[in-house]
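Coordinate analysis (summary)
As a plain string of letters, each chain reads:
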Amino acid sequence: MTRSAIIVEGLSKQYRLGGPAAQGGSLREALMQAMWAPVQRWRALQHGPGAGRDSFWALQDVSFEVERGSVVGIVGRNGAGKSTLLKIVSRITEPTRGQVRLRGRVASLLEVGTGFHPELTGRENIYLNGAILGMRKSEITRKFDQIVAFAEVDRFLDTPVKRYSSGMYVRLAFAVAAHLDPDILLVDEVLAVGDAAFQEKCLGRIQKVSQGEGRTVLFVSHNMGAVARLCDRAIWLDAGSLCADGPAQDVVKRYLALNLAPTGIWKRPANADDSAPVRILSVSAQDSRGATRSTFSGGEAVRLEMVYEVSRPVERCQLCARIVNGQALAVFTTGDSDAQGVPGVTRQPGRYRSGFSIPEGFLPPGPYSVHVCAHQPFIRVLDVHRQTARFEVTNVDALASFDDRAGAVTPLISWDCEPCERLVDAPSAAVTPLQSAGLKEAASL
Amino acid sequence: MTVMESSALVGQTTPPAIEPQELCLRPTRGWVAIDWAEMLRFRELLYFLVWRDYKVRYKQAVLGVAWAVLQPVCNMAIFTVIFGQLAKMPSDGYPYPVFVFAGLLPWTYFSTGVSLAGLSLANQQQLLTKVYFPRLFVPTASIGAGLLDMAIALVVYAGILLWYRQPVSWQIVLVPGLVVLTVLATLGLGLILAALTVSYRDFRYVIPFLMQIMMYLSPVVYPVTLVPDRYQWVLALNPMTGVIDGCRSAILGKPWNLMTLAVSSSSAVAVFLVGVGYFRRTERRFADVA
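For the structure given in this document, a descriptive report is provided here. From a predicted model like this one, the values you see are computed outputs, not experimental measurements. (Residues numbered from 1 in each chain as written. Chains lettered and ligands numbered in written order. Predicted model: local features only at pLDDT ≥ 70, side-chain atom pairs only at ≥ 80, totals over all residues. Heavy atoms only, no water.)

Some details on the packing of helix H8 (residues 175-199) of chain B against helix H11 (residues 239-252) of chain B
Relative placement of two packed helices is described by the angle separating their axes and the distance separating the axes. Residues and elements named next belong to chain B. One way to put it is that H8 packs onto H11 with a least axis distance of 10 Å and a crossing angle of 165 degrees. Considered as vectors, H8 and H11 are oriented roughly antiparallel to each other. Crossing geometry of H8 relative to H11 is assigned as left-handed. Contact residues: H8 offers Val175, Leu178, Leu181, Thr182 and Ala185, while H11 offers Pro239, Met240, Val243, Gly246, Cys247, Ala250 and Ile251. Its residues placed into classes, the contact of H8 with H11 shows 10 nonpolar, two polar and no charged. (Axes fitted to C-alpha atoms, helices over the stretch in contact; angles between N-to-C directions. Helix = DSSP H or I, 4+ residues; strand = E, 2+ residues; numbered from the N terminus. Parallel < 35°, antiparallel > 145°, perpendicular 65-115°, else oblique. Left-handed = near helix turned anticlockwise from the far one by under 90°. Contact = heavy atoms within 4.5 Å. Nonpolar A, V, L, I, M, F, W, Y, C, P; charged D, E, K, R; others polar.)

Structural data, given as structure tokens:
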């Protein structure tokens, strides 16, 4: 008998494209689908099964084993299949192929406060949420005081949770979940809530659950720091497949190296949605001579250039770019028609090259990425891409780097300075308006 | 400190010596049997879900439990005026309010129950997409709270019977049996509608409409005898026909219409089985479509 707590074998999950509508949607669509089914089946016979464009594999042939007592982090970009994997392991959805074998009592924490009812009091919600997460009533009663102490809400136990502050709500919700006693715990991104101090408390709790009490934990997170700290091992999923599996520190290092490396240029991915009339084809960071670069010194201007294609005339079209810094903070957002004072201009079909320069010294040293979007303001979004081109501003030639000043931008602002109208030889004497008027006359003489 | 060392320190709470039971998750197809062991394991959750519905219902309402009294009493008053006084509807020889309330007892439970159960999954999507427990519990719990309403209405009915000096038959002891049939029919139809509503949002609008039609196909405001004998079995295909008629026989001592009761009982059981079957069959894709 192996010591594995979770065995995942050839796990695949297929979703139909087109959002929830394609999965069921309205009755009319279902009836239409039923009528077309024989035709589609015939086509499938001709072209081979699974050839349809209307489905995609969220997970494809993923296999791994997790030893009892280990903490495994799952990393990967948005849409890599992390949440799908967790949903299958926690029995929320079924795999399309393959299987998962679980040894022990499983509890999943995909969201804090699932089933919380705003009208019920804190006390009532502890019982309700505990039961939904799979706890027995006797178990909840036994741990009730611990839960309340952890959440720090003892004074508000008999207040409906709709009157709680969002912080209290999240603390109470996490406290219930944190006192689950499973053999296998599945956690998804729940640490992205609450203030820093509470996040730290949650991380500590997960660490305690996993190490001190010897449980198996599967932990999905975008917080690489947390993964590197909490997990023994990390699994990197990319586009539904297993990309790397190994010691957490190594996997995180490799993941960050690939995903945060400045690339300077971004090209439209092949799988992007091409249905909108405006398609952004590329985004690049360039120096003053028009060469694509990923690293700029603080004393250089950064030119960002977008190439886009318009397939049919679009009224009130605006192209936007947002510069985001290493703390994921939007430094600024700018639109191509801002300076003209209009929300957008009409674009005729064709290919366009559009860009702007960020003046030298404006961005403090650090990594940056660019989000781009083509939209009709207040009407609809036509095309949007996050984290396209990435570039880095180094501290070479950067005035701001000398004194490590705080702030998201370091604009070069010229100050003015002139001497105040006050007597130089009598600094302690109060200057009355009358005296000051007299002085001015004296100065002009 | 390594994992091994630290778990040795808290040796008592480390994994049990016996191998925990293994659970295998793999794709399922076709009809899926009910996992009774699992339902039993989660039974306390069913209790909590019913308890929640009850708490919430009476917390928000100013009149509280009075609603459970008001609804059937108002319906009774309206039906008495319109069907009893104005339309001169026959009522098997009983005062019309006494007659119609006996029908409203199971009907109110049925129509509220089916509506609540039908919308239960669509209204609580986060329970489907964020956590696992037997899905059957969601619609089942939503019809639980109505049982207390029915009990309250029964007390009100006792008052009405007293007022009209209407003797009560000893056969009232058979009412629990009729309640079981009502619950089976309510749950059966509720499960079908819940599964359909999750996939096809159109059913959200179909349910109230369906309940209105069914009310006129049930002998709530009229007696079964209004329909020619030859066609009574058609009316009895509606499970509520037998239950409503049965309620009048059990409480008021009206002669039993056994054929109607037999057809309706079979129909109630059939609706229940179809409901559970269809629900279990479509359950696997709830999380993907919700």
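So, next bit.
Overview of unusual backbone geometry
All names here are of chain B. One non-glycine residue, lysine 88, lies in the positive phi region at around 50 degrees. Mapped onto the elements of the fold, lysine 88 is located in the loop between helix H4 (66-86) and helix H5 (96-123). For lysine 88, a relative accessible area of 63% gives the class exposed. (Buried < 20%, exposed > 50% of the residue type's maximum accessible area, 1.4 Å probe, protein only.)

Some points on the sheet that holds strand E10 (residues 265-267) of chain A
All names here are of chain A. Read across the sheet, four strands follow the order E10-E11-E13-E17 without closing on themselves; strand pairing throughout is antiparallel. The sheet is open, and its two borders are formed by E10 and strand E17 (350-358), each paired with just one other strand. Ignoring strand direction, the axes of neighbouring strands in this sheet form an average angle of 15 degrees. Looking at chain direction, E10 and strand E11 (residues 278-286) are connected through three bridges and run antiparallel. Across the sheet, the residue bridging to tryptophan 266 is valine 283, located in E11. (Pairing = 2+ DSSP bridges.)

Here we look at a nonpolar patch on the surface
All names here are of chain B. Among the surface-exposed residues, Val168, Trp170, Ile172, Val173 and Leu174 lie close enough to one another that they form a single nonpolar patch of about 520 Å² accessible area. Of note, isoleucine 172 is situated in the loop between helix H7 (137-163) and H8. Its relative accessible area of 35% is what places isoleucine 172 among the partly exposed residues. (Patch = residues over 30% accessible without salt bridge, like charges linked within 9 Å, V, L, I, M, F, W, Y side chains within 5 Å. Areas by Shrake-Rupley, 256 points an atom, 1.4 Å probe, with all protein chains shown as cover. Salt bridge = Lys/Arg side-chain N within 4 Å of Asp/Glu carboxyl O.)

Thoughts on the nonpolar core
Ranked by internal contacts, the top residues of the largest apolar core, which has 82 residues, are Ile126, Leu172 and Phe219 of chain A together with Leu45, Leu121, Phe133 and Phe279 of chain B. For phenylalanine 133 of chain B, the contacting residues outside a window of four places in its chain are Phe42, Leu45, Leu127 and Val138 of chain B. The next biggest cluster of nonpolar side chains, apart from the first, holds 50 residues, and it includes Met76, Phe99, Val100 and Leu235 of chain B. (Core = buried A, V, L, I, M, F, W, Y, C linked by side-chain atoms within 4.5 Å.)

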